[in-house]
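Given next are the chains, with one letter for each unit.
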Amino acid sequence: MQNWINAFSWLNVRFLLMGLWVTIYISVISVILSFIFGSILGIIRYSKIKYVSQVVGFVIDIIRNIPLLLIIFFTYFGLPNFGLRPETIPAAIIAMTVFESSMIAEIVRSGIQSVSVGQMEGARSTGMSFVQALWHVVLPQAYKNMVPAIISQFVSLIKDTSLATIIVVPEMMQHAQVIYGQNANYILPMFAALAVLYFVVCFTLSIIGNVIGKHLS
Amino acid sequence: MSMIEFHNVQKFYGHFHALHDINLEIDQGETVVLIGPSGSGKSTLVRTVNGLESIQKGKLIVNGHDLSDPKTNLNILRSDVGMVFQHFNLYKNKDVLENIMLAPRIVSHIPEEENKKQALDLLDMVGLRKWAHNMPSQISGGQKQRVAIARTLAMKPKLILYDEPTSALDPEMIDDVLQVIKKVTNESGMTSLIVTHEMGFAKEVANRVIFMDQGRIVEDDDSESFFKQPKTERAQQFLSKIISH
Ligand SMILES: Nc1ncnc2c1ncn2[C@@H]1O[C@H](COP(=O)(O)OP(=O)(O)OP(=O)(O)O)[C@@H](O)[C@H]1O
Ligand SMILES: [Mg+2]
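Residues numbered from 1 in each chain as written. Chains lettered and ligands numbered in written order. Predicted model: local features only at pLDDT ≥ 70, side-chain atom pairs only at ≥ 80, totals over all residues. Heavy atoms only, no water.

1. Re the overall build of chain B
Turning to step 1, where the next piece is worked out: Looking only at helices and strands, chain B features nine helices and ten strands.
Turning to step 2, where the next piece is worked out: What you see for chain B is a C-alpha radius of gyration of 18 Å, in line with the 18 Å of a compact globule of 245 residues.
Turning to step 3, where the next piece is worked out: Burial status across chain B gives 56% buried among its 245 residues.
Turning to step 4, where the next piece is worked out: Across chain B, contacts joining residues at least 24 apart in sequence account for 65% of those joining residues at least 6 apart.
Turning to step 5, where the next piece is worked out: As displayed, chain B has an accessible area near 11,000 Å², and 48% of this comes from carbon and sulfur atoms.
Turning to step 6, where the next piece is worked out: Positive and negative side-chain charges in chain B, numbering 28 and 32 respectively, have mean positions lying 4 Å apart. (Helix = DSSP H or I, 4+ residues; strand = E, 2+ residues; numbered from the N terminus. Rg over C-alpha atoms; globule rule 2.2 N^0.38 Å. Buried < 20%, exposed > 50% of the residue type's maximum accessible area, 1.4 Å probe, protein only. Contact = heavy atoms within 4.5 Å. Areas by Shrake-Rupley, 256 points an atom, 1.4 Å probe, with all protein chains shown as cover. Lys, Arg positive; Asp, Glu negative; His and termini not counted. Charge placed at Lys NZ, Arg CZ, Asp CG, Glu CD.)

Following this line, the structure appears as structure tokens:
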């Protein structure tokens, strides 16, 4: 019991919360960026633009089938070979964005494909351009269908930020390791704290997702 | 003046030869009914007219636009060529009024006031004004199709294509829709190309009947002669089968 009380000294709690802050910071930025890039890539892949869509599709398939951990390594240890030397937090954001964008792109593409072709044809037959038909008719329906898949992808994203601990990003998981690295008795309390904090953050996001989903339908 | 001209048009889906050497000229103001057995290529033919399907060979000219030329701007063509689909294809994310107002707003850039007035007038015409603020999911199939017709008319098309507009409807809804189509074709002087299995309606509305089979135009005649006695055996068989049902 004393271990648990000591584990949650003010200093440790503050340190853990600083980590939480970094986790949220990385997550929010990566969510926003990967939503934007993922949507663009998904639409390009759906649009069947000669060569472009095939190249985009090929790259997406590669990224989706590489472990995120490896992408984090590439960004942090590989990019310097190309003259880029990102700090740990930007490196984590870049890696998360690259990986999650390709996941979101696939969700967006299949979301668009789930809208019946009749919607596109109905719109095009009135003289709307492809982009107008997408924007006014197809995408609003597609995104409505996609909300659950996108939210669950972002929940994974938040949890996956813990992988960034491998390049010593000062996020929550890494801070917990620092704390129990000083005293092995703190291992269990820290794991418990991590579980609770990740749960709270992810569950909050799920609830927000449900509210958005209800609002759209 | 001709509205549609097919010159030796060939259409393939991959290796499948869907339209064989189509030659057809439809004049402005004509109401042409296109009939034929399932899979004969009626939808395919109609969909080539507004470029929803591409053609592989031959020349196709619609309202002065050459569809065999890849540089032709299909959006401009389509703003003058309406299409009514078997499954209505109303925009599920927009209410009835918005379904009608969207294309005039973003394609023809009609002032909002005028657009709204036109949409409400069209809803009056099809008898659905009080449904203006319902979503498509809240109205019946027959009502959906009448909205779809109003949506097409809102673009003031010179030509309307109908692809089995009543095939997806419950029997008791069919008449309302046919009534509206008759009104539109009679009053407007518009050109219409109609695929339908409703022979009574076809007889009433058509000036001219085209019978297709296996991707070919087998018969092309004025409505009266066709329904009195088709020239080809194939069309006779088809007619007797469909009328006895
Ligand atoms: N997208 C497609 N890809 C491949 N084959 C197609 C495609 N669309 C139609 N076909 C084929 O082309 C032929 C003509 O089809 P089409 O839909 O034009 O016939 P239809 O006369 O409209 O028939 P129905 O009365 O059943 O609507 C059919 O054999 C059909 O299987
Ligand atoms: Mg058909």
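Anyway, onward from the coordinates.
2. Quick look at the overall build of chain A
Turning to step 1, where the next piece is worked out: Per the secondary structure count, chain A includes nine helices and zero strands.
Turning to step 2, where the next piece is worked out: For chain A, the sequential pattern of α-helices and β-strands runs α-α-α-α-α-α-α-α-α.
Turning to step 3, where the next piece is worked out: Overall, the C-alpha framework of chain A stretches about 75 × 45 × 20 Å when taken along its three principal axes.
Turning to step 4, where the next piece is worked out: Burial analysis of chain A (217 residues in total) assigns 47% to the buried set.
Turning to step 5, where the next piece is worked out: A separation of at least 24 residues holds for 77% of the contacts in chain A among residues at least 6 apart in sequence.
Turning to step 6, where the next piece is worked out: A total accessible area of about 11,200 Å² is found for chain A, and carbon and sulfur atoms account for 71% of it.

3. Structural notes on the site of ligand 1
Residues and elements named next belong to chain B.
Turning to step 1, where the next piece is worked out: By nearness alone, every residue bordering ligand 1 is listed as Y13, F16, P37, S38, G39, S40, G41, K42, S43, T44 and E164.
Turning to step 2, where the next piece is worked out: One of the side-chain N or O atoms of K42 is found 2.8 Å from an oxygen atom in ligand 1.
Turning to step 3, where the next piece is worked out: Between ligand 1 and T44 there is a distance of 2.5 Å, counted from an oxygen atom to a side-chain nitrogen or oxygen.
Turning to step 4, where the next piece is worked out: Take the shell around ligand 1: its biggest share by element is three residues, from helix α1 (residues 42–49).
Turning to step 5, where the next piece is worked out: Residues belonging to the shell around ligand 1 are distributed by class as follows: three nonpolar, six polar and two charged. (Near = heavy atom within 4 Å. Polar contact = N/O pair within 3.5 Å; in protein donor to acceptor, adjacent residues only side chain to side chain. Nonpolar A, V, L, I, M, F, W, Y, C, P; charged D, E, K, R; others polar.)

4. Some remarks on the interface of chain A and chain B
Turning to step 1, where the next piece is worked out: Every contact between the two is made by 16 residues of chain A and, on the other side, 21 residues of chain B.
Turning to step 2, where the next piece is worked out: For the pair chain A and chain B, the summed buried area comes to about 1,600 Å², and 53% of that belongs to carbon and sulfur atoms.
Turning to step 3, where the next piece is worked out: In terms of surface lost to chain B, no three residues of chain A exceed A:E121, A:S125 and A:T126, which account for 33% of the buried area on that side.
Turning to step 4, where the next piece is worked out: For the interface between chain A and chain B, the tally reads one salt bridge.
Turning to step 5, where the next piece is worked out: Ionic pairing is found between B:R47 and A:E121, a salt bridge with its closest N-O pair at 2.6 Å.
Turning to step 6, where the next piece is worked out: On the surface where chain A and chain B come into contact, there are eight residue pairs in polar contact (both at pLDDT 80 or more).
Turning to step 7, where the next piece is worked out: The greatest single-element share of the side of chain A that touches chain B, amounting to six residues, is contributed by helix α6 (residues 117–124) of chain A. (Buried area = accessible area lost by both parts, 1.4 Å probe. Salt bridge = Lys/Arg side-chain N within 4 Å of Asp/Glu carboxyl O.)

5. Some details on the packing of aromatic side chains
Turning to step 1, where the next piece is worked out: Applying the stated rule across the entire model yields ten aromatic pairs over all chains.
Turning to step 2, where the next piece is worked out: Residues A:Y46 and A:F130 carry aromatic rings whose centres are separated by 6.2 Å and whose planes lie at 15 degrees to one another, so their mutual orientation is stacked. On the criterion of sequence distance, the pair formed by A:Y46 in helix α2 (residues 10–47) and A:F130 in helix α7 (residues 130–160) is long-range, its members being 84 residues apart.
Turning to step 3, where the next piece is worked out: With relative accessibility at 16%, the residue A:Y46 sits in the buried group.
Turning to step 4, where the next piece is worked out: The exposure class assigned to A:F130 is partly exposed, which follows from its relative accessible area of 26%.
Turning to step 5, where the next piece is worked out: A ring pair is formed by B:F226 and B:F227, whose centres lie 5.4 Å apart and whose planes are at 90 degrees; its orientation type is edge-to-face. As far as burial versus exposure is concerned, B:F226 and B:F227 are alike and both buried.
Turning to step 6, where the next piece is worked out: Joined through ring pairs, the aromatic side chains of A:F73, A:Y76 and A:F77 make up one cluster. (Phe/Tyr/Trp six-rings, centres within 6.5 Å; stacked < 30°, edge-to-face > 60°.)

6. Quick word on the sheet that holds strand β5 (residues 65–66) of chain B
Turning to step 1, where the next piece is worked out: With antiparallel pairing, four strands are arranged side by side in an open sheet as β2-β1-β4-β5 (chain B). With partners counted over all chains shown, the strands left at the sheet margins are β2 (16–27) and β5 of chain B, one partner each. (Pairing = 2+ DSSP bridges.)

7. Some points on the sheet that holds strand β9 (residues 208–213) of chain B
Residue and element names in this part refer to chain B.
Turning to step 1, where the next piece is worked out: Taken together, the six strands give an open sheet; going across it, the order is β6-β7-β8-β3-β9-β10, and neighbouring strands pair in mixed fashion. The open sheet terminates on both sides in strands that have one partner only, identified here as β6 (81–84) and β10 (216–222). Strand-to-strand twist of the sheet, defined as the mean angle between neighbouring strand axes without regard to direction, takes the value 15 degrees.
Turning to step 2, where the next piece is worked out: With four bridges connecting them, strand β3 (residues 31–35) and β9 associate as parallel partners. (Axes fitted to C-alpha atoms, helices over the stretch in contact; angles between N-to-C directions.)

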